[in-house]
Amino acid sequence: MLWKDVCEIFDKIENTTKRLEKRDYFIKLIDLVKEKGKPEDLKKICYMAIGRVYPEYDERELGIGEKLLINAITSMGIKKEELLEKIKETGDIGFAVEQLKSKTKQLSLLLSPLTVDDVYETLKRVGEIEGEGSQKKKLRLISSLFMRASPIECRYLARLILEDMRLGMNVPTILDALSVYFNVPKEKLEKIYAITNDIGLLAEKLIKNELESEDLKLKLFRPIKPMLAQLAPSIEEALLEMGKAQFETKYDGARVQIHKGGDKVKIYSRRLEDVTNALPEIVDAIKKINVEELIVEGECVAIDKQTGKPRPFQDILRRFRRKYDIGKMMKEINLRVYLFDILYKNGTSLIDEEFEKRRKELEDIVGYENDWRTERERIERELKSDKIVDISYKLVSDDPKEAREFYNWSLSIGHEGVMIKNLKAPYTPGSRVRTMYKFKPTLESLDVVITKAKRGMGKRKDWYGSFEICVKDEEGNLYPIGYVGTGLSEADLEMLKEEIDKIIKRDLGEEVEVEPKIVIEVAYEEIQKSDKYPCGYALRFPRVVRFRFDKGKDDINTVKDVERIYEIQRGRK
Ligand code: AMP
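Values in this document were obtained by computation on a predicted structure and should not be read as measured data. All residue numbers refer to positions counted from 1 along the written sequence of the respective chain. Where local features are concerned, this predicted model is filtered to residues with pLDDT of at least 70; where side-chain atom pairs are given and counted, the filter is 80 or more; whole-chain, interface and lining totals use all residues. Note: side-chain values were computed over all heavy atoms of the structure, leaving out hydrogens and water.

Remarks on the packing of helix H1 (residues 3-14) against helix H2 (residues 19-36)
Two numbers describe how H1 lies on H2: the axes approach to 9 Å, and their chain directions differ by 170 degrees. Judged by the inter-axis angle, H1 sits roughly antiparallel to H2. Contacts between H1 and H2 involve Asp5, Val6, Ile9, Phe10, Lys12, Ile13 and Glu14 from the first element and Lys22, Tyr25, Phe26, Lys28, Leu29, Leu32 and Lys36 from the second. Basically, the charged four are Asp, Glu, Lys and Arg, the nonpolar ten are Ala, Val, Leu, Ile, Met, Phe, Trp, Tyr, Cys and Pro, and anything else, Gly included, counts as polar. The residue inventory of the contact of H1 with H2, partitioned by class, reads eight nonpolar, no polar and six charged. Structural elements are reduced to axes, namely lines fitted to C-alpha atoms, with helices fitted over the stretch in contact, and the angle between N-to-C directions of any two is expressed from 0 to 180 degrees. For helices the rule is a DSSP run of H or I covering at least 4 residues; for strands it is a run of E covering at least 2, with both sets numbered from the N terminus onward. The scheme is simple: roughly parallel for angles under 35 degrees, roughly antiparallel for over 145, roughly perpendicular for 65 to 115, oblique for anything else. Any pair of residues with heavy atoms lying within 4.5 Å of one another is described as a contacting pair.

This is the structure:
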């Protein structure tokens, strides 16, 4: 199957902003594969359409820098200065090489045309080259592709190499196309996708009529998208909906998905990144579990062994992001993982089992229940222990009063709130479900004033994209506590552009400093301690709730308010 034919449809996809049209062009690609290609081509085209060579669950990147790409392009006889000039002019290396290639002698016409296989397999090989002389080898392979490519093929080749296709194509749109073409409900495909995280594999199996294939089922060492919770309006309402529920302490840490196969253990983050190397003590502890094959999920928290309380969220990030000196960091920041679900055991997927049954499996594995009603004393005694793997504290109840007590207790030992889980629910990967709720204290919103605006990028390139926000001290001095960019509609951004431009004090390049005139109300997940800001605090995940044109900079919240809320949150007081 020819790369040129694919590129021509890619061009059509790129040139429409309408999702439905993108979907329909993708359907044309499937037609094309049916007509002229083999099933594997569809797999490759799926990856390429989203700017990848490897499946989405696979973290490997091609890792070809712009420099190597430029060298490959200039090896076709295109001058470097000209290329750089064109990149500046078009803002895209793809367009630049396309335009310049069309001016060179079309040697490519004499060479054999590129196939989808040529492009895909060559790039995959390039990604795997390591060691001495690897740059040269990579350059040679990439150059050979460019030599054979026509102008439009060059455009997509260059972009694919940088893993940014600019088609505006994404997995949901491909799923739509597959659903229409193969006449399979989108929900079914979404569910399989959440398990496999591999759009190419799914498409290939569809075209081969092998949707029931074992390859599309839960598999060790291929992380699956986690099931997500919704926010419960109250404990009472959640109970009304579920009748009886399992309440669990909600830990504020990092979610981990742990896969164990014999002696091999891998840990994946919520975003499915492999974080195994950063967490050796957890790997060791999991290895000791006497079950051959497992996939479990839990929340990883940093524990202060003096107090037995969790340490701030940033400490966990410091552990997760650590690439070297891990041993030293391990001594400084002690981790504990509270397991809360099990998805797979010894060759059998458990995701369709009721939660109650999954929990029982988990309890059997660790050897106790962590039931708050009966084991509270032991739990409290062990808060300061060396335990690395534990299971979440639970209360199964239909009584809102008792649930409230459990909730207050969870806060009192330093945690974030409670999870409320339906005992009969299966595990639905990748979706935000009404069978699992989170409930935590709502923190009051803050009125803050905008002091800087960052120029936007991508979709927001015509506007400002995010805004520095400040609180004040008693004297009215302003203190930044973060940047906010979410919670704003296009109309808001348009309006902000107009208003901000009127009050610019200084242009700092990437951003502008403005008169403190625009007051907004922001909500946020949490207040964190911060070294970055002089007031010592920063908002985590702030979002704009509304504009407060009725307020001026003298009416905004103070550093003292921030301090007070910081103390209240997570039951620190
Ligand atoms: P949120 O991140 O605010 O959507 O809240 C849901 C998250 O809480 C999950 O993704 C987990 O990372 C985390 N979590 C903490 N404790 C538990 C628990 N006991 N059960 C399930 N999730 C938990």
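Description of the site of the ligand
Whether a residue is near a molecule or strand depends on its heavy atoms: if one lies within 4 Å, it is near. Lining the immediate environment of the ligand, one finds 14 residues, of which Glu248, Arg255, Glu299, Lys421 and Lys438 sit closest. Here a polar contact is recorded for every N or O atom pair within 3.5 Å, except that within protein the pair must consist of a potential hydrogen donor and a potential acceptor, and residues adjacent in sequence are included only if both atoms are side-chain atoms. Between an oxygen atom of the ligand and a side-chain N or O atom of Lys250, the distance comes to 3.2 Å. The fraction of the free accessible surface of the ligand (490 Å²) that becomes covered by protein chains is 93%. The set of elements that each furnish at least two residues to the shell around the ligand consists of strand E2 (245-250), strand E10 (417-422) and strand E11 (432-439). No other element matches the three residues that E2 contributes to the shell around the ligand. Using a 1.4 Å probe, the Shrake-Rupley method yields the accessible areas, and only the shown protein chains count as cover for residues.

Topic: the sheet that holds E10
For two strands to be treated as a pair, DSSP must find no fewer than two bridges joining them. What the five strands build is an open sheet, ordered E1-E11-E10-E2-E9; its pairing is mixed. Where the open sheet ends on each side, the last strands, each with one partner, are strand E1 (228-231) and strand E9 (394-397). Shown here is a sheet whose adjacent strand axes are inclined to one another by a mean of 35 degrees, direction ignored. Looking at chain direction, E2 and E10 are connected through six bridges and run antiparallel. Bridge pairing links Ala245 to Asn422 in E10.

Some words on the environment of Phe221
Secondary-structure assignment places Phe221 in the loop between helix H12 (199-207) and E1. Owing to a relative accessible area of 21%, Phe221 belongs among the partly exposed residues under this scheme. With 40 residues separating them in the primary sequence, Phe221 and Gly261 have C-alpha atoms 8.4 Å apart. Ignoring any residue separated from it by four or fewer positions in sequence, one finds Phe221 in contact with His259, Lys260, Gly261, Lys264, Val265, Lys266 and Tyr268. Only protein chains enter the accessibility calculation, which uses a 1.4 Å probe. A residue is then buried if its area is under 20% of the maximum for its type, exposed if over 50%, and partly exposed in between.

Some words on the environment of Ile129
Examined against the element boundaries, Ile129 turns out to sit in the loop between helix H7 (116-128) and helix H8 (134-148). With residues up to four places along the chain from it excluded, the contact list for Ile129 reads Ser134, Lys137, Lys138 and Leu141.

Regarding the nonpolar core
Only buried residues count toward a nonpolar core, which is a set of Ala, Val, Leu, Ile, Met, Phe, Trp, Tyr and Cys residues joined through side-chain atoms within 4.5 Å. Ranked by internal contacts, the top residues of the largest apolar core, which has 77 residues, are Trp3, Phe10, Phe26 and Phe146. With seven residues, helix H9 (residues 151-161) is the largest single contributor of residues to this core. Those residues in contact with Phe10, other than ones at most four positions away along the chain, are Trp3, Leu29, Ile45, Met48, Ala49, Tyr156, Met165 and Leu167. Core analysis: the next-biggest nonpolar cluster, separate from the first, contains 33 residues, Val265, Ile282, Ala302 and Met329 among them.

What to know about a nonpolar patch on the surface
The patches reported here contain residues having more than 30% relative accessible area and no salt bridge. Joining distances are 9 Å for like charges and 5 Å for nonpolar side chains (Val, Leu, Ile, Met, Phe, Trp, Tyr). Should a side-chain nitrogen of Lys or Arg be within 4 Å of a carboxyl oxygen of Asp or Glu, the pair is scored as a salt bridge. Together, Leu110, Leu111 and Met147 line one region of the surface with nonpolar side chains, adding up to about 290 Å² of accessible area. For Leu110, the position within the fold is in the loop between helix H6 (93-101) and H7. Given the relative accessible area of 71%, Leu110 is considered exposed.

Brief notes about the UniProt feature "active site" (unreviewed entry) in the chain
UniProt positions are given in the numbering used here, feature names are shortened, and annotations may be inferred rather than shown by experiment. In this structure's numbering, the residues bearing the UniProt feature "active site" (unreviewed entry) are Lys250. Along the chain, Lys250 falls in strand E2. Sequence-distant contacts of Lys250, defined by excluding residues within four places in its chain, comprise His415, Glu416, Gly417, Val418, Met419, Lys438 and Lys440. At 2.8 Å, the side chain of Lys250 forms a polar contact with the side chain of Glu416.

Describing the packing of helix H10 (residues 171-182) against helix H11 (residues 186-196)
Packing of H10 against H11 brings their axes to within 9 Å, and their N-to-C directions diverge by 130 degrees. Taken together, the axes of H10 and H11 are oblique relative to one another. In the packing of H10 onto H11, the handedness of the crossing is right-handed. On the side of H10, the interface is formed by Val171, Pro172, Leu175, Asp176, Leu178 and Ser179, while H11 contributes Lys186, Leu189, Glu190 and Tyr193. Tallied by class, residues from the contact of H10 with H11 come to six nonpolar, one polar and three charged. Crossings are sorted by hand: turned counterclockwise from the far helix by less than a right angle, the near helix makes the crossing left-handed, and turned clockwise it makes it right-handed.

Re the domain arrangement of the chain
Marked domain ranges trace back to an automatic or database domain assignment. Partitioning the chain into structural domains gives domain 1 (235-439) and domain 2 (446-572). One C-alpha centre belongs to domain 1, the other to domain 2, and the line joining them spans 34 Å. With 11 residues of domain 1 in contact, the opposing surface of domain 2 contributes six residues. Buried surface area refers to the total accessible area, computed with a probe of radius 1.4 Å, that the two partners give up upon joining, counted for both partners together. Carbon and sulfur atoms make up 34% of the surface buried where domain 1 meets domain 2, a total of about 720 Å² over both sides.

Observations regarding the state of the cysteines
Put plainly, two cysteines are in a disulfide when a covalent bond ties their sulfur atoms together. To count as a disulfide, a pair of cysteine sulfur atoms needs to be within 2.5 Å. Tallied over the full model, the rule gives zero disulfides. A disulfide-free cysteine, Cys46 has its sulfur positioned 15 Å from the sulfur of Cys7, the nearest such atom.

Comments concerning the UniProt feature "domain: ATP-dependent DNA ligase family profile" (unreviewed entry) in the chain
Under the feature "domain: ATP-dependent DNA ligase family profile" (unreviewed entry), the UniProt entry names residues 328-473. Across residues 328-473, helical content stands at 27% and strand content at 37%; the span's end C-alpha atoms are separated by 39 Å.

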